[in-house]
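Summary of structural features
Listed here are the chains, written in short residue letters.
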Amino acid sequence: MQQPIISVGTGNFYYWNLSLVQKLRYLRDIEGISGIEISCIPHGTEFSSEEISLLSSYSHNTVHLWKFDVTDKEWMMYCRNTIPNFRHFVIHPDSANLDDIDSETEEYLSFENMDPRKVAYQKPEEMEELFHRFPKAKFTFDINHAEENNIPRIQFQSLKNPEQIHFSTVNDNFYPEYPEIKTSHAWAHVNPNFDKNINPWISHKTIITIEWVFPPNNRTFITDEIAFIQNFY
């Protein structure tokens, strides 16, 4: 059976006090990772030769762009031309100046459905209108955001197949053990109620990105989550 394309976000190391190159060095030694989602770095960041070399060992690399306006275009083109095996930029549509998206940038964008704290783009119909306006853009489906909005995942199935899935789920009961982590994202593998039925959206080309905050210096939680995804894929 073909293994899933599992990606890990560098922003997951929020509490580890590591530089980008240190994060990439750490992930290099973990099996089962096919890609990196570069996140939580300033727009305009230039990558070192070592960072580029480390990224070259992965087949699917993305950037969590978050916001976008015309001033970001030059850096986007730099990332596209510099990051090995680059696939797309994940963008929050509520934080983007949509009027600044042109034909050159559209095909490299992947719009993500939003969480309840955002002002728009939580609902499937909002995302459908977005893809009607930007048909070349891709879709990043965050299953945690859908659950936070009490929207069944199946309602997103009418949209285009996701290029990427942000794989996370809500598990508030776990966080008392790590009270310093202030986020609703959590590990699917410790949630006995996690709904594994995401197969309608998964193909062998879908990037499954683990996106949550890693417990500081706890390698086991990363490897267990990777194994969890591999076992039900």
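Notes on the structure follow.

Calculation notes
- Residues numbered from 1 in each chain as written.
- Predicted model: local features only at pLDDT ≥ 70, side-chain atom pairs only at ≥ 80, totals over all residues.
- Heavy atoms only, no water.
- Helix = DSSP H or I, 4+ residues; strand = E, 2+ residues; numbered from the N terminus.
- Rg over C-alpha atoms; globule rule 2.2 N^0.38 Å.
- Buried < 20%, exposed > 50% of the residue type's maximum accessible area, 1.4 Å probe, protein only.
- Pairing = 2+ DSSP bridges.
- Contact = heavy atoms within 4.5 Å.
- Salt bridge = Lys/Arg side-chain N within 4 Å of Asp/Glu carboxyl O.
- Right-handed = clockwise from strand over helix to strand, strands pointing away.
- Polar contact = N/O pair within 3.5 Å; in protein donor to acceptor, adjacent residues only side chain to side chain.

Comments concerning the overall build of the protein chain
Across its full length, the protein chain carries seven helices and 10 strands. Since a compact globule built from 233 residues should have a radius of gyration of about 17 Å, the 17 Å found for the protein chain is in line with a globular shape. Considering only C-alpha atoms, the protein chain reaches an extent of 45 × 45 × 40 Å along its principal axes. Residues counted as buried form 55% of the 233 residues belonging to the protein chain.

A short note on the pairing of strand β10 (residues 207-210)
Here β10 shows two buried faces, one formed by Ile 207 and Thr 209 and the other by Ile 208 and Ile 210. Across four bridges, the pairing between strand β1 (residues 5-9) and β10 is parallel. By the bridge assignment, Val 8 is partnered in β10 with Ile 210. Bridge count for strand β7 (residues 164-167) against β10 is four bridges, and the pairing is parallel. Counted as the bridge partner of His 166 is Thr 209 from β10.

Observations regarding helix α3 (residues 73-82)
All buried positions along α3 are accounted for by Trp 75, Met 76, Met 77 and Cys 79. Tucked into the core, α3 has its buried residues touching β3 (60-68), β4 (86-96), α4 (103-106) and β5 (109-112).

A word on the pattern of salt bridges
Applying the stated criterion across every chain yields a total of 11 salt bridges. The salt bridge involving Asp 99 is made with Arg 133; its shortest N-O contact spans 2.6 Å. Remark: Arg 133 occurs in helix α5 (residues 124-133) and Asp 99 occurs in the loop between β4 and α4; sequence separation between them is 34 residues. Taking the relative accessible area as the measure of exposure, Arg 133 reaches 44% and is therefore partly exposed.

Quick word on the pairing of β1
Extensive coverage of β1 is indicated by the burial of five of its five residues. As paired elements, β1 and strand β2 (residues 35-38) share three bridges and run parallel to each other. Residue pairing across strands places Ser 7 opposite Gly 35, the latter belonging to β2. The handedness of the β1 to β2 crossover, carried by helix α1 (residues 20-28), is right-handed.

Some remarks on the environment of Ser 7
In this fold, Ser 7 is placed in strand β1. Of note is the side chain of Ser 7, whose polar atom sits 3.4 Å from the backbone nitrogen of Glu 37.

With respect to the side chain of Ser 39
Of note, Ser 39 is situated in the loop between β2 and α2 (49-55). We classify Ser 39 as buried; its relative accessible area is 9%. For Ser 39, the side chain forms a polar contact with the main-chain nitrogen of Gly 11, separated by 2.7 Å. Setting aside its immediate chain neighbours within four residues, Ser 39 contacts Gly 9, Thr 10, Gly 11 and His 64.

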